[in-house]
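# Summary of structural features
What follows is each chain in one-letter form.
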Amino acid sequence: MAKTKHVMYLKLSLTLLILAHVLATTNGLDSPSSKTGRPWPFKKLNKPVVLMISCDGFRFGYQFKTDTPNIDLLISEGTEAKSGLIPVFPTMTFPNHYSIATGLYPAYHGIIMNSFTDPVTGDKFNKGLDPKWWLGEPLWVTAANQGRKAVTYFWPGSEVPKDSWTCPKELCPHYNSSVTFEERVDNVLSYFDLPQSDIPDFLMLYFDQPDKEGHEYGPDDPRVTAAVGRVDKMIGRVIQGLKKREIFDEVNVILLGDHGMVTNCDMKTIYIDDLAEWVKIPADWINAYSPVLAMNPKWGKDVKNPSEKNAELVAKMNEGLSSGKVENGEFLQVYLKEKLPKRLHYSESSRIPPIVGMVGEGLIVRQNRTGVHECYGDHGYDNKYFSMRSIFIGHGPRFKQGKKVPSFENVQIYNVVAEILGLRPASNNGSSLFTRSILSSSGETGEVD
Ligand SMILES: [Zn+2]
């Protein structure tokens, strides 16, 4: 077996593939039990395995836009969040992928927006890999810390080294948007051709669609429908690859997305300069306009109590916005961050700016009237909006067939994966009881109750 040590994971020779197959079959037959002591019912894999797939910007309901036979198959044979998966606020890609991975709200895992300026240090985050930004314990770290093998194929945050996780090249390829979806799927599937003992426990796969088209054209465009069809084909490629290896019923496949998408048009805009009658707001006080208005006013040194000034500013802005004299003003509500609705869990971090504006669904905020009037798509809005929801489907030995569960927040998923893999979860914002409502007990399979 010394020979196998010298072989690159992704480039197994045919001989080894056959050897791996024989080993897998033999080990599978011999493996006596799962960690619960029940007989392990499977033949090819001798342990629980989770494959999590994320389709960026897959709004709940996209699966009804066109024929999606492969997603439909996972739904009919698996467990689905009936009305979609609820993202965390802000409903952006990086905060949500990292909440799925850590079970933490953005205020606690530190990635409070896709890009932001730390109000205390002035340091800028823009999807960078400096470990100082990435708090909490993502699943790949939990797995590595407990001696398990994780593979991350482009998951946001996975390239950041943490504890036992070094993002080794063979398990954690560096993000490259030009790698085709077919290659991504085939590379992930190739890990199942490794000798039994080298098969990863946990694999994550990321597709940056249909988010791209959703942004460019808005969610109700035929080109988004086509992108949904392409994503479904990739799910089909995963299913076929697992079936060919006779492990489709042994791998727990979780298919989800990070957030939804809504149409926004330049004519539905709130202009900050329209508030001048109440208060003048310089552009350099604003870190981000929409879908989340992030403000960090720069008061002069003579201002003794900036918190008081911030409170006055918020009051004046809201007075103007609700006056009926500001175009679309009723669709923006401004808060001191500690006064934001509790359900958003968006205050307990020094990285969140002192003033946050909640922008109405599909509205835009700009400083002044420049630019063209056109429509496109965006996300990042309040997670109470149905348009921001994505999908959750679980398929495999721990998910019942045809089961529907009520919608839930994606911070619950960390515990679900930890439970399936038998990992000790790090502390997180999910409920340990939630796993019971969505998973069947270990070793048990079959029809829904
Ligand atoms: Zn996006």
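Below: a short report on this structure. (Residues numbered from 1 in each chain as written. Predicted model: local features only at pLDDT ≥ 70, side-chain atom pairs only at ≥ 80, totals over all residues.)

### Focus on the overall build of the chain
From N to C terminus, the chain includes 12 helices and 17 strands. Going through the 449 residues of the chain one by one, you find that 45% of them count as buried. Counted over contacts in the chain with a minimum sequence separation of 6, partners at least 24 positions apart contribute 73%. (Helix = DSSP H or I, 4+ residues; strand = E, 2+ residues; numbered from the N terminus. Buried ≥ 20, exposed ≤ 12 C-beta atoms within 10 Å, placed from the backbone. Contact = placed C-beta atoms within 7 Å.)

### Considering unusual backbone geometry
The residue after Gln-209, namely Pro-210, is reached through a cis peptide bond having omega 5°. Following the sequence through the fold, Pro-210 ends up in the loop between strand 6 (202-207) and helix 8 (211-217). Here the bond from Ser-290 into Pro-291 is cis, since omega is 10°, no more than 30 degrees from zero. The residue Pro-291 is located in the loop between strand 10 (286-288) and strand 11 (292-295) in this model. In the Ramachandran plot, Lys-127 falls in the positive-phi region, its phi being about 65° despite a non-glycine side chain. Mapped onto the fold, Lys-127 is located in the loop between strand 4 (124-126) and helix 6 (139-145).

### A few points about the packing of helix 3 (residues 69-77) against helix 9 (residues 222-244)
Look at helix 3 against helix 9: their axes get within 7 Å of each other, and the N-to-C directions meet at 60°. On the basis of their axis angle, the class for helix 3 and helix 9 is oblique. In contact with Pro-69, Asn-70, Ile-71 and Leu-73 of helix 3, helix 9 contributes Asp-232, Ile-235, Gly-236 and Ile-239. Looking at the contact of helix 3 with helix 9, its residues break down into 5 nonpolar, 2 polar and 1 charged. (Axes fitted to C-alpha atoms, helices over the stretch in contact; angles between N-to-C directions. Parallel < 35°, antiparallel > 145°, perpendicular 65-115°, else oblique. Nonpolar A, V, L, I, M, F, W, Y, C, P; charged D, E, K, R; others polar.)

### Things to note about the nonpolar core
Counting 117 residues, the largest nonpolar core has Val-50, Leu-51, Ile-53, Phe-202, Leu-255, Leu-293 and Val-417 as the members making the most contacts within it. For this core, the two domains that each supply at least three residues are domain 1 (50-261 + 384-438) and domain 2 (266-373). Setting aside residues up to four positions removed in sequence, Ile-53 forms contacts with Leu-205, Val-238, Val-253, Ile-254 and Leu-255. (Core = buried A, V, L, I, M, F, W, Y, C linked by C-beta atoms within 7 Å. Domains from an automatic or database assignment.)

### Details of the sheet that holds strand 10
Taken in spatial order, the 4 strands line up as 10-11-13-12 in an open sheet, and their pairing is antiparallel. With one partner strand each, in any of the chains shown, strand 10 and strand 12 (332-336) form the two edges of the open sheet. Direction aside, the axes of adjacent strands within the sheet are offset by 25° on average. Sheet analysis places strand 12 next to strand 13 (residues 355-359), joined by 5 bridges and oriented antiparallel. Along strand 13, the bridge assignment pairs Gln-333 with Met-358. (Pairing = 2+ DSSP bridges.)

### Describing the sheet that holds strand 1 (residues 49-55)
Taken in spatial order, the 7 strands of this open sheet run 5-6-1-7-16-2-17, and their pairing is mixed. Looking at strand neighbours, the two that pair on one side only are strand 5 (150-153) and strand 17 (403-405), the edges of this open sheet. Across the sheet, the mean angle separating the axes of adjacent strands is 15° when strand polarity is ignored. By the bridge criterion, 4 bridges tie strand 5 to strand 6 in an arrangement that is parallel. Bridged to Tyr-153 within strand 6 is Leu-205.

Take it as geometry only, folks, not as evidence of what the structure does.
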